[in-house]
Amino acid sequence: MPHRLMLLDTASLYFRAFFGVPDSIRRADGTPVNAVRGLLDMIARLTAEYGATHLVACWDEDWRPQWRVDLIPTYKSHRVAEAVAGAPDLEVVPDALQMQVPMIRRVLGLAGIAVVGAAAHEADDVIGTYASHADLPVDVVTGDRDLFQVVDDGRQVRVIYTARGMKNLEIVTDAVVVGKYRVLPEQYADYATLRGDASDGLPGVAGIGEKTAASLLAAYGTLDGLLEAATDPGSGLSAPVRSKLAASADYLAVAPVVVKVVRDLALPTLEEAGAVLQPVVGDSRIELERLATDWNLGGSVKRLLDAFELRR
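What counts as what
Residues numbered from 1 in each chain as written. Predicted model: local features only at pLDDT ≥ 70, side-chain atom pairs only at ≥ 80, totals over all residues. Heavy atoms only, no water. Pairing = 2+ DSSP bridges. Helix = DSSP H or I, 4+ residues; strand = E, 2+ residues; numbered from the N terminus. Axes fitted to C-alpha atoms, helices over the stretch in contact; angles between N-to-C directions. Contact = heavy atoms within 4.5 Å. Salt bridge = Lys/Arg side-chain N within 4 Å of Asp/Glu carboxyl O. Buried < 20%, exposed > 50% of the residue type's maximum accessible area, 1.4 Å probe, protein only. Expected span 1.5 Å × (residues − 1). Arc of directions from axis to C-beta.

### Considerations on the sheet that holds strand E1 (residues 5-9)
As summarised here, the arrangement of the six strands in space is E5-E2-E1-E6-E7-E8, forming an open sheet in which the pairing is mixed. Single-partner strands in this sheet number two, and they are strand E5 (114-116) and strand E8 (170-172). Going from strand to strand, the sheet's axes swing by 25 degrees on average, the running direction of each strand aside. In this sheet, strand E7 (residues 157-161) lies alongside strand E6 (residues 138-142) in parallel orientation, the contact comprising five bridges. Bridge pairing in E7 links Asp139 to Arg158. Across the sheet, helix H2 (residues 34-49) lies against E1, strand E2 (54-58), E6 and E7, angled at about 155 degrees from E1, the strand it touches most. Sitting on the sheet, helix H6 (residues 123-133) touches E1, E2, E5, E6 and E7, and the angle it makes with E1 is about 165 degrees.

Following this line, the structure appears as structure tokens:
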């Protein structure tokens, strides 16, 4: 089997599982397990369907890093449940999902799935680093279009986009990004900076929407090129656009650092992380099968075990 690395935007997936699987699915003590079951089914299907031989569940050690907030205070501010001094802020997460996160971590560990995070960074940054340095083809599984910036046909990095649900997965390549947004993947972060993103608390440049952002990047290549043109009287850039960029100068000075995923984290190698997929055996399998019964995980554990058996 040709080697292929799959990188999971884990929180994106377990949120989708939580809202996609009925919360009536519970343990005998009433604890919901719908997110656990849904995530296991996703992993079983994805690894089998896309031929993953290596798998990393990328983790948000800090879903809203302070260094990003220092640059743009509104970054994800609408999703803060409680500010915590000296530690990551608490995110708005349904209680019924929050109580399942430790169960998810335990099951992933028993299944031998590598879980990798980095202090003061988001899962996106872990994904960006692995995707940028892997020496094998990469599939990034996410519902977050911000990660379109890592798509790279030349390095065989693509996104399996889950935003329309597991029944409507979309494989995102260079051509798909260009077709949807009229920018290249390597321009996507600059495009998102200009356009803004209310879901992440990024204001963007007032008066510059998706079409204008795309046309400006088509003309000037990068945000740096655009800003250089804005200071050149002979560049041909229109006065209204110059005015809009000038009005957002403070934002544009810091936003690219916030929007671009980090690509140079000091992470364990795939071998060190235990990313190679292999059948679950021994005590781990016994415990996983016990939890399948005790936690009412139904056939989800069996489907995961069966998918990993294919790696023999």
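### A closer look at the pattern of salt bridges
Inspection of every chain in the model, using the stated rule, returns 19 salt bridges. For Arg303, the salt bridge goes to Asp41, with nearest N and O atoms at 2.7 Å. Placement of Arg303 in helix H15 (residues 300-309) and of Asp41 in helix H2 is noted, with a sequence separation of 262 residues between them. Judged by relative accessible area, which is 27%, Asp41 ranks as partly exposed. Between Glu170 and Lys180 there is a salt bridge; the shortest N-O distance is 3.6 Å. Of this pair, Glu170 sits in strand E8 while Lys180 sits in helix H7 (residues 174-181), placing them 10 residues apart in sequence. Classification of Glu170 by relative accessible area gives buried; the value is 15%. Within this structure, Arg68, Lys76, Glu122 and Asp125 form a network of salt bridges that share partners.

### Notes on the environment of Leu227
Mapping Leu227 onto the fold places it in helix H10 (residues 223-230). Residues Leu227 and Arg37, spaced 190 residues apart in sequence, show a C-alpha to C-alpha distance of 48 Å. Beyond its immediate stretch of four places on either side in the chain, Leu227 contacts Leu245 and Leu252.

### Section: the pairing of E6
The buried fraction of E6 is high, at five of five residues. With burial as the criterion, each face of E6 is covered, one bearing Val138, Val140 and Thr142 and the other bearing Asp139 and Val141. Taken together, the four bridges between E1 and E6 define a ladder with parallel strand orientation. Bridge pairing links Met6 to Asp139 in E6.

### Considering the pairing of E7
Among the five residues in E7, four count as buried, and that is most of the element. Direction of pairing for E7 relative to E8: antiparallel, over a ladder of three bridges. Looking at E8, one finds that Tyr161 is bridged to Glu170.

### A closer look at helix H14 (residues 282-294)
Two residues of an α-helix separated by three or four positions point the same way, owing to the 3.6 residues in each turn. In a regular helix each residue adds 1.5 Å, so 13 residues correspond to 18 Å; H14 covers 19 Å between its end C-alpha atoms and thus fits that length. Those residues of H14 that fall on the buried side of the exposure criterion are Glu287, Leu288, Leu291 and Ala292. Seen end-on, H14 carries its buried residues on one side only, within an arc spanning 145 degrees. With respect to the buried face of H14, the exposed residues turned more than 90 degrees away are Asp283, Ile286 and Thr293.

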